[in-house]
Amino acid sequence: MGIPLDIPSGSDDPPIHAGVAVIGGGVVGHGIAWEAQRSGRSVVLVDDAPGSGASWAAAGMLAPVSELHYQEEDLLELMLESSSLWPGFAAGLAAATGSDSGYLTTPTLAVGADAADRAALMDLRAVQRANGLDVEPLTVREARRREPLLSPGIACAMDTPADHQVDPRRLLGSLRLALAGAAARTPQLAVDGAVDGFAVQDRAAGLLWEGGRVAGVRLAGGGTIRAAETVVANGLQAAGLGGLPDGLRLPLRPVHGDILRLAVPQHLRPLVTSTVRGLVHGLPVYIVPRQDGTVVIGATQREDALSDAVSAGGVHQLLRDAQALVPAVAELELLECTARARPGTPDNAPLLGRVPLPARSGAHIPGLIIATGFFRHGVLLTPAAAAICRDLLDGTADPRWSPFSPDRFSRPVAAAGTNTKETA
């Protein structure tokens, strides 16, 4: 992997100094920053609009079982690992902040609307069972005993007790409280020049290089951050970051999704107590209950030019299919329609780890970690991504996660240090 020659800051302003700079203020970036801070490092999180991207729209399903897809066994192992970390991650946040991140261990029901949907869910169950996952069929009567507002016309139901949920918006608030609280309590963790001791409200323009290593971040506003380690976790924007190693290809594509938030009238509460993931004539839909009396409905995926505009067809599809499973959805108050793009990769798995140097076995570019491309699994994978990055900061790497190496789509590069080109 080619290493650019030293890239100056381009600013006379004094730099901000931190142990770790995390580029990207979504759930994954915040989780990595908090884990790095908990390991005793001073941290800055760089984002001009933290929490406003894909994390703002996410439903927060922690669903390694339901999200199993064919030929994604490596990703399944990572999802199961992260799912096992979620209870401790949520408990640590609660202890640090006294706040509720919205983590709930309520189960998930998979529901099919017709015979073809039932066949598809049974086929998926066979794959899930082959991978040692717990999915148990319920009779329609059993399912409606648990969730009385389910339609009596559903064709099947499956109980998935290991699939839980968290409220991403509450989670982001808890993570920011934890970061600010630790910086306030422990002077060596507070970063001078950062808001609340950790936040830099600016966009990252590029990486700084010094002596063959990444030495921090150039900010779009003209300032700089000097850091011993830099984590690139800014989703789709990671591919356009200036100063990436020569030849490193981050093939991220935007996959848009529409999501609805609706208020449940008092006489219908709770609409459902479990997350309901359904197939309706082959189309997926989910209904996620929140503690505040609202539900989240989603599942559309589109790769089009609408950007963050909400698709009228997507809204229609979601409401139609959700009502097929829970007819009382028609009586809810529509509060919000949101669309965001998630960063997908060619194999739908994240780009996660250090960047290897092909010419030197076992060596990597110092000072740089990549953590992006989490697609539809960003919230679920946050504790695992945070733990993996903490281990990398500590100088250890778990070989289980080598399939997610960030250079797996990159072209071979000649001798390092021969290319000085930087894209702004």
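Further up the page is the structure itself.
Rules used in this analysis
Residues numbered from 1 in each chain as written. Predicted model: local features only at pLDDT ≥ 70, side-chain atom pairs only at ≥ 80, totals over all residues. Heavy atoms only, no water. Helix = DSSP H or I, 4+ residues; strand = E, 2+ residues; numbered from the N terminus. Rg over C-alpha atoms; globule rule 2.2 N^0.38 Å. Buried < 20%, exposed > 50% of the residue type's maximum accessible area, 1.4 Å probe, protein only. Contact = heavy atoms within 4.5 Å. Areas by Shrake-Rupley, 256 points an atom, 1.4 Å probe, with all protein chains shown as cover. Lys, Arg positive; Asp, Glu negative; His and termini not counted. Charge placed at Lys NZ, Arg CZ, Asp CG, Glu CD. 1 Å grid on protein atoms, 1.4 Å probe; cavity = no way out; pocket = protein on both sides within 12 Å on 5 of 7 lines; lining within 4 Å. Points joined across faces, edges and corners; volume = space filled by probe spheres on them. Nonpolar A, V, L, I, M, F, W, Y, C, P; charged D, E, K, R; others polar. Core = buried A, V, L, I, M, F, W, Y, C linked by side-chain atoms within 4.5 Å. Pairing = 2+ DSSP bridges. Expected span 1.5 Å × (residues − 1). Salt bridge = Lys/Arg side-chain N within 4 Å of Asp/Glu carboxyl O. Polar contact = N/O pair within 3.5 Å; in protein donor to acceptor, adjacent residues only side chain to side chain.

**Let's talk about the overall build of the protein**
- The number of helices and strands found in the protein is 8 helices and 18 strands.
- Its C-alpha atoms give the protein a radius of gyration of 22 Å, within 12% of the compact-globule value 22 Å for 424 residues.
- Structurally, the protein occupies a C-alpha span of about 65 × 45 × 40 Å along its principal axes.
- Every one of the 424 residues in the protein was classed for burial, and the buried ones make up 57%.
- In the protein, the proportion of contacts linking residues at least 24 apart, taken out of those at least 6 apart, comes to 76%.
- Accessible surface computed for the protein: about 16800 Å², of which carbon and sulfur atoms make up 53%.
- Measuring between centres, the 35 positive side-chain charges of the protein sit 1 Å from its 44 negative side-chain charges.

**Quick word on the environment of Ala-54**
- Within the secondary structure, Ala-54 sits in helix α2 (residues 54-57).
- In contact with Ala-54, other than residues within four places in its own chain, are Arg-340, Ala-341 and Arg-342.

**Things to note about the layout of surface pockets**
- In this model, the second largest pocket occupies a volume close to 580 Å³.
- For the second largest pocket, the lining is made up of 29 residues, of which Arg-354, Leu-392, Thr-396, Ala-397 and Asp-398 are closest to its centre.
- Here the lining of the second largest pocket takes 6 residues from helix α8 (residues 378-393), the largest share from any one element.
- For the lining of the second largest pocket, a count of residues per class yields 14 nonpolar, 8 polar and 7 charged.

**Some words on the nonpolar core**
- Formed by 56 residues in total, the largest nonpolar core has its most connected members in Val-22, Ile-32, Trp-86, Leu-171, Val-231 and Ala-371.
- Listing elements by their share of this core, those giving two or more residues are β1 (16-23), α1 (27-38), β2 (43-46), α3 (73-97), β6 (156-160), α6 (168-185), β18 (364-372) and α8.
- A per-element tally of this core places α8 first, with 10 residues.
- Those residues in contact with Val-231 that lie beyond four places of it in its chain are Val-20, Ala-21, Val-22, Ile-23, Ile-32, Ile-369, Ala-371 and Cys-389.
- In terms of nonpolar packing, the next biggest core, distinct from the first, is built from 31 residues, Ala-21, Ala-238, Leu-250 and Leu-252 among them.

**What to know about the pairing of β6**
- With respect to burial, β6 is a largely interior element, 5 of its 5 residues being buried.
- Two strands pair when backbone bridges link them, and strand β4 (residues 108-112) and β6 are joined in this way by 5 bridges, in the antiparallel orientation. When the bridges of β6 are listed, Leu-109 appears paired with Asp-159.
- When strand β5 (residues 136-138) meets β6, the two strands line up antiparallel, connected through 3 bridges. Within the sheet, the bridge partner assigned to Pro-137 lies in β6 and is Met-158.

**Brief notes about α6**
- Compared with an ideal rise of 1.5 Å per residue, which puts 18 residues at 26 Å, α6 spans 25 Å between its outermost C-alpha atoms and is within 8% of the ideal.
- As for α6, its buried residues are in contact with α1, α2, α3 and α8.

**Focus on the pattern of salt bridges**
- Applying the stated criterion across every chain yields a total of 23 salt bridges.
- One salt bridge in this structure joins Arg-376 and Glu-72, with 3.7 Å as the shortest N-O distance. Placement of Arg-376 in the loop between β18 and α8 and of Glu-72 in the loop between β3 (61-62) and α3 is noted, with a sequence separation of 304 residues between them.
- Here Arg-408 and Asp-347 are joined by a salt bridge, their closest N and O atoms 2.9 Å apart. Of this pair, Arg-408 sits in the segment after α8 while Asp-347 sits in the loop between β16 (333-344) and β17 (351-356), and the two are 61 residues apart along the sequence.
- Given the relative accessible area of 24%, Arg-408 is considered partly exposed.
- A single salt-bridge network, built from bridges that share partners, covers Glu-35, Arg-38, Arg-390 and Asp-391.

**Structural notes on the side chain of Thr-345**
- Checked against the element boundaries, Thr-345 lands in the loop between β16 and β17.
- With a relative accessible area of 0%, Thr-345 lands in the buried category.
- Among the polar contacts made by the side chain of Thr-345, one reaches the side chain of Asp-347 at a distance of 3.0 Å.
- Looking at Thr-345, its side chain comes within polar contact range of the main-chain oxygen of Ala-349, at 2.7 Å.
- In contact with Thr-345, not counting residues within four places along its chain, are Pro-251, Leu-252, Arg-253, Leu-351, Gly-373, Arg-408 and Phe-409.

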